[in-house]
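Observations on chain architecture
Now for the letters of each chain:
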Amino acid sequence: MSDLPAPVPPDLARLRRTIDNIDAALVHLLAERFKATQQVGLLKAQLDLPPSDPGREAAQVARLRALAQDADLDPVFAEKFLAFIVEEVIRHHEAIAQDHAHTGSTQATAQDASVGHA
Ligand SMILES: O=C(O)C(=O)C[C@]1(C(=O)O)C=C[C@@H](O)C=C1
């Protein structure tokens, strides 16, 4: 019996490299999305708008479900994935609004956030 790890079959290794590339792209895409929503949170706090917008979310869900269907992705999964992200965004918006309420101003402007200074 050897302690060496079992060799990974070439097809599995190739597919895992593709998966790793896709996961990296997802991380970068999510980072960009959160940079944009950070600016939205600052704007909403400055304009005294509520953190969540159920009408906007309903439109996003309808659009993503249709896109998912066209792309052969389970629309239920697409909806859950969006809800997971939006829930986190709303938590961020609430924290920014609280900060704004306590200090009288948000620590960064939406413009600062757009160039990565937030
Ligand atoms: O578009 C907005 O108003 C946002 O705050 C962004 C966002 C999103 O992450 O897409 C988050 C919360 C809202 O309920 C709707 C959408």
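Residues numbered from 1 in each chain as written. Predicted model: local features only at pLDDT ≥ 70, side-chain atom pairs only at ≥ 80, totals over all residues.

1. Considering the site of the ligand
Taken together, T37, V40, S52, D53, R56, E57, Q60, V86, V89, I90 and H93 make up all the residues around the ligand. Elements supplying a minimum of two residues to the shell around the ligand: α1 (10-46), α2 (54-70) and α3 (75-103). Of the residues forming the shell around the ligand, the biggest block, 4 residues, is contributed by α3. Across the shell around the ligand, the residue classes break down as 4 nonpolar, 4 polar and 3 charged. (Near = placed C-beta within 6 Å. Helix = DSSP H or I, 4+ residues; strand = E, 2+ residues; numbered from the N terminus. Nonpolar A, V, L, I, M, F, W, Y, C, P; charged D, E, K, R; others polar.)

2. Quick word on the UniProt feature "domain: Chorismate mutase" (unreviewed entry) in the chain
UniProt records the feature "domain: Chorismate mutase" (unreviewed entry) for residues 6-97 in the present numbering. Structurally, residues 6-97 is divided into 84% helix and 0% strand, and its ends, taken at the C-alpha atoms, are 53 Å apart. (UniProt positions renumbered as here; feature names shortened; annotations may be inferred.)

3. Regarding the packing of α2 against α3
Where α2 contacts α3, the axes come no closer than 8 Å and their chain directions differ by 140°. Here the hand of the crossing between α2 and α3 comes out right-handed. Contacts between α2 and α3 involve E57, Q60, V61, L64, R65, A68 and Q69 from the first element and P75, A78, E79, L82 and V86 from the second. Grouping the constituent residues of the contact of α2 with α3 by class yields 7 nonpolar, 2 polar and 3 charged. (Axes fitted to C-alpha atoms, helices over the stretch in contact; angles between N-to-C directions. Left-handed = near helix turned anticlockwise from the far one by under 90°. Contact = placed C-beta atoms within 7 Å.)

4. Structural notes on the confidence of the model for the chain
When pLDDT is averaged along the chain, the result is 91, and 86% of the positions lie at 70 or above. Note that pLDDT drops below 50 for residues 113-118; the model gives that stretch 12 contacts with residues more than four away or on any other chain. Quick note on the complex model: pTM equals 0.87, ipTM equals 0.99. (pLDDT = per-residue confidence, 0-100.)

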